[in-house]
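Next come the chains, spelled out residue by residue.
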Amino acid sequence: MDPRFKISNREALMGIGLAVLNFIWWYAFAYGLGGKPVREYHYIWGLPAWFFYSCVAGFFVFSILVYIMVKFFFKDVPFEDEPERQNLKEEQR
Amino acid sequence: MNWEVVIPLLAFLIGMFVVGIYTSRQVQSGSGFLQDYFLGGRHLGGFVLALTMVATYGSASSFIGGPGIAYKLGLGWVLLAMAQLVTGYFTLAVLGKKFAIVARKIDAVTLIDFLKARYENKWVVIFSAASISIFLFSATAAQWVGGGRLIESFTGVSYPVALLIFSFSVLVYVIAGGFRAVVITDTLMGIVMFIGTLVILAGTIIAGGGVPHIISTLAAENPNLISPYGADKSLTPMYVSSFWLLVGVGVVGLPQISVRAMSYRNSKAMHQAMIIGTFVVGFIMLGMHLTGVFARVVIPGVDIGDKVMPMLALKVLPGWLAGIVLAAPLAAVMSTVNAILLIVSSSIVKDIFINYIKPEASQQSIKRLSFSVTAIIGILVFIMALNPPDLLIWLNLFSFGGLEAAFIWPVVLGLYWRRGNAAGAVGSIVTGVLSYILLDTFAPNMWGMHTVVLPVVLSLAAYILLSLVSKNSPQSSLVKQGII
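Just so we're clear, the structure is a prediction, and the values are computed from it rather than from any experiment.

Visitor: Explain the overall build of chain A here, please?
Guide: What chain A contains, in helices and strands, is three helices and two strands. Ordered by position in the sequence, the α and β elements of chain A form the string α-β-β-α-α. Split into buried and exposed, the 93 residues of chain A put 43% on the buried side. Long-range contacts, defined as pairs at least 24 residues apart, comprise 57% of the intrachain contacts of chain A with a sequence gap of at least 6. Summing over all exposed atoms, chain A offers an accessible surface of approximately 5400 Å²; the carbon and sulfur share of this is 66%.

Visitor: Help me out: how do you make sense of the environment of Thr52(B) in this one?
Guide: All names here are of chain B. Structurally, the position occupied by threonine 52 is in helix α3 (residues 46-57). Residue class for threonine 52 comes out buried when judged on its relative accessible area of 0%. Each C-alpha atom of the pair threonine 52 and isoleucine 464 lies 33 Å from the other, and the pair is 412 residues apart in sequence. Not counting residues within four places of it along the chain, the set of residues in contact with threonine 52 comprises Leu44, Val183, Asp186 and Arg260.

Visitor: Sorry, what's going on with the pattern of salt bridges here?
Guide: Per the counting criterion, the structure on display carries four salt bridges over all chains. One salt bridge connects Asp2(A) with Arg4(A), and the closest N-O pair in it is separated by 2.8 Å. Glu221(B) is the partner of Arg296(B) in a salt bridge, and the nearest nitrogen-oxygen pair spans 2.8 Å. With Arg296(B) in helix α13 (residues 267-298) and Glu221(B) in helix α10 (residues 211-221), the pair connects residues that are 75 residues apart, well separated along the chain. One connected set of salt bridges, linked through shared partners, spans Asp2(A), Arg4(A) and Lys105(B).

Visitor: Looking at this structure, I do not really get the confidence of the model for chain A. What am I missing?
Guide: Regions with low pLDDT carry predicted coordinates that are not meant to be interpreted in detail. This prediction gives chain A a mean pLDDT of 86; 87% of its residues lie at or above 70. Element-level mean pLDDT values for chain A span from 49 in helix α3 (residues 83-92) of chain A up to 95 in helix α2 (residues 49-73) of chain A.

Visitor: How do you make sense of the interface of chain A and chain B when you look at a structure like this?
Guide: Size of an interface: often given as the accessible area lost when the parts come together. Contact residues are listed per partner, giving 50 residues for chain A and 52 residues for chain B. Between chain A and chain B, the buried area comes to about 4300 Å², and carbon and sulfur atoms account for 73% of it. For the chain A face of the interface with chain B, the top three residues by lost area are Tyr31(A), Phe59(A) and Phe79(A), together amounting to 18%. Where chain A meets chain B, there are two salt bridges. For Asp2(A), the salt bridge goes to Lys105(B), with nearest N and O atoms at 3.5 Å.

Visitor: What is the right way to look at empty space enclosed by the protein in this model?
Guide: With a probe scaled to a water molecule rolled over the atoms, the places where space remains empty come into view. Residues and elements named next belong to chain B. The final tally for this structure, using the stated rule, is six cavities of 30 Å³ or more. Considered as a void within the structure, the largest cavity measures approximately 100 Å³ in volume. If you trace the largest cavity, you find 13 residues lining it, with Met53, Val54, Thr87, Gly88 and Val281 closest to the centre. Those elements that place two or more of their residues in the lining of the largest cavity are α3, α6 (87-105) and α13. Across the lining of the largest cavity, the residue classes break down as nine nonpolar, four polar and no charged.

Visitor: Mind showing me how you'd approach the nonpolar core here?
Guide: One broad rule of soluble globular proteins: the nonpolar side chains tend to lie buried together. Phe51(A), Trp144(B), Met274(B) and Met334(B) are the most contacted members of the largest nonpolar core, which has 202 residues in total. It is helix α15 (residues 319-357) of chain B that provides the largest number of residues to this core, a total of 19 residues. When near neighbours in sequence (up to four residues on either side) are disregarded, Phe51(A) contacts Val56(A), Leu75(B), Val78(B), Leu286(B) and Leu290(B).

Visitor: Hey, could you run me through α13(B) in this one?
Guide: Along an α-helix, residues three or four apart share an orientation, since each turn contains 3.6 residues. All names here are of chain B. Here α13 spans 46 Å end to end across 32 residues, near enough to the 46 Å set by a 1.5 Å rise per residue. Most pronounced at glycine 292, the bend in α13 amounts to some 25 degrees. Burial of α13 is extensive: 28 of the 32 residues sit out of reach of the surface.

Visitor: What exactly am I supposed to notice about the side chain of Ser467(B) here?
Guide: All names here are of chain B. Residue position: serine 467 is located in helix α19 (residues 453-469). For serine 467, a relative accessible area of 1% puts it in the buried group. Within the local environment of serine 467, its side chain forms a polar contact with the backbone nitrogen of asparagine 421, the two atoms lying 3.3 Å apart. Residues within four places of serine 467 in sequence aside, it is in contact with Trp417, Arg419, Gly420, Asn421, Gly424 and Ala462.

Visitor: I'm lost on the packing of α6(B) against α13(B) in this one. Help?
Guide: Each packed pair of helices is defined by two parameters, the angle between the axes and the distance between the axes. All names here are of chain B. Here α6 crosses α13 at 160 degrees, and the two axes come no closer than 7 Å. Here α6 lies roughly antiparallel to α13, going by the angle between them. Read as a crossing pair, α6 and α13 show a hand that is right-handed. Touching Thr87, Gly88, Tyr89, Leu92, Ala93, Gly96 and Lys97 of α6 are Ser267, Met270, His271, Ala273, Met274, Gly277, Thr278 and Val281, all from α13. Along the lines of polarity and charge, the residues of the contact of α6 with α13 split into seven nonpolar, seven polar and one charged.

Procedures and definitions
- Residues numbered from 1 in each chain as written.
- Chains lettered and ligands numbered in written order.
- Predicted model: local features only at pLDDT ≥ 70, side-chain atom pairs only at ≥ 80, totals over all residues.
- Heavy atoms only, no water.
- Helix = DSSP H or I, 4+ residues; strand = E, 2+ residues; numbered from the N terminus.
- Buried < 20%, exposed > 50% of the residue type's maximum accessible area, 1.4 Å probe, protein only.
- Contact = heavy atoms within 4.5 Å.
- Areas by Shrake-Rupley, 256 points an atom, 1.4 Å probe, with all protein chains shown as cover.
- Salt bridge = Lys/Arg side-chain N within 4 Å of Asp/Glu carboxyl O.
- pLDDT = per-residue confidence, 0-100.
- Buried area = accessible area lost by both parts, 1.4 Å probe.
- 1 Å grid on protein atoms, 1.4 Å probe; cavity = no way out; pocket = protein on both sides within 12 Å on 5 of 7 lines; lining within 4 Å.
- Points joined across faces, edges and corners; volume = space filled by probe spheres on them.
- Nonpolar A, V, L, I, M, F, W, Y, C, P; charged D, E, K, R; others polar.
- Core = buried A, V, L, I, M, F, W, Y, C linked by side-chain atoms within 4.5 Å.
- Expected span 1.5 Å × (residues − 1).
- Bend = angle between axes of the 7 residues up to and from the residue.
- Polar contact = N/O pair within 3.5 Å; in protein donor to acceptor, adjacent residues only side chain to side chain.
- Axes fitted to C-alpha atoms, helices over the stretch in contact; angles between N-to-C directions.
- Parallel < 35°, antiparallel > 145°, perpendicular 65-115°, else oblique.
- Left-handed = near helix turned anticlockwise from the far one by under 90°.

The following block contains the structure:
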């Protein structure tokens, strides 16, 4: 198998894993904290805590996790088949 | 007519126009017309790729329809909308490098090129081209109605005139510039969408007297507005979770999104696009839907959800700024429309005409055909949008769910599962489309889930089962050569 595909397969699995984590975070905070009666809610920045953690914090946390995943675990690979030709193209540009 | 609002809008339309004409020169002079016209020569950088995906994906519903429902149902609907955060990274991570490498090896320009090379089967091509053309055509028409209505509401001109302005500007730059024009204008539109979100959210919070005040006013009106269950308690966890499939991970199956995963320049561009795309999608979805909820305090008592955002913009912002912000939904509609337009014309020209009708067509005649097919589709959509027939509305209802159910497995498993074959793909496409339409008509929201869930499961079963049963049929040469 093309060694680039090994990298690609692993990265696809990481993407799926992150999506699963994302779902768990989103669900657990939303229904864990939001499931109780509204008058017992806590508030952060004026927003109900369930909403703050699930949607606002979740948005920032997962944006950062995507950054970390891509920067540290995703590998650069060439897409073209012959590396020489690609170098040539880059030079011409 | 409110000139203060109309002038920024007009400036926006004219700007798109100019970009379309300008980029068309690049297409004319470049070599490899098809690659260029339909894929922008596979040279997209990360920032452009991210914003073009955001703009294509964010449609009228992100700016007009969705916030309108959030206005009615409260924070529960924002929770549901946040399922879209995953689309920013999931699609690119899953299709990833493999799709880009394989697409280059086989010189694929459209999703169907890939399916054709992978499965080497006439029926896979015909069924896919047919479902893409029919569903996306209907989806486009619905978006054009939205674009026409938007222009109508800002300018006060009659609907047919508004629609004509809209169609004319979209068509000119799509026909002239092709994919490159589309992605460049998409990038501008993505920026407009992002800034529009920021401005209107801030304006609404200020007009509502700060977040704590807005939330307590909402809770006093109806506590369920700030619960995850929706004002009328209609949003069950099961239902809301099932949207992860419709608007989150299932988006991998949408042709107008997956084709973008063929177009990046290199792996660095893809990495960048994942980071930027996730942030921008999340920001727009959170900001716009939250604005819709907050609007309830600022402009109470709006009956028609679609009017919430335009009314809100006019109320909380100075006129000229409202004009810029209202360009955001227009940008969203236009960029969705032009991407779809290009997909439909590419599947007719490339997938049907060149494959089966005239493989020996010259570069020149392909060029002419591409322009005229795009123009004809545009004009047809315009006529349909003037007075949409029932069939169109009916088909539009099925477009995204139907396409996802049809394509998610032939694409994803075609890429990662060597044993998948043509029988599985045909079965999966047919099962996905039919079961989606049938279930939605006769048994919608089964077990409290969105209708899309079951067809996706059924088409997976069809794909695996039929691939295994017919495992002795000749295997695709892509698999034999070890390309998959």
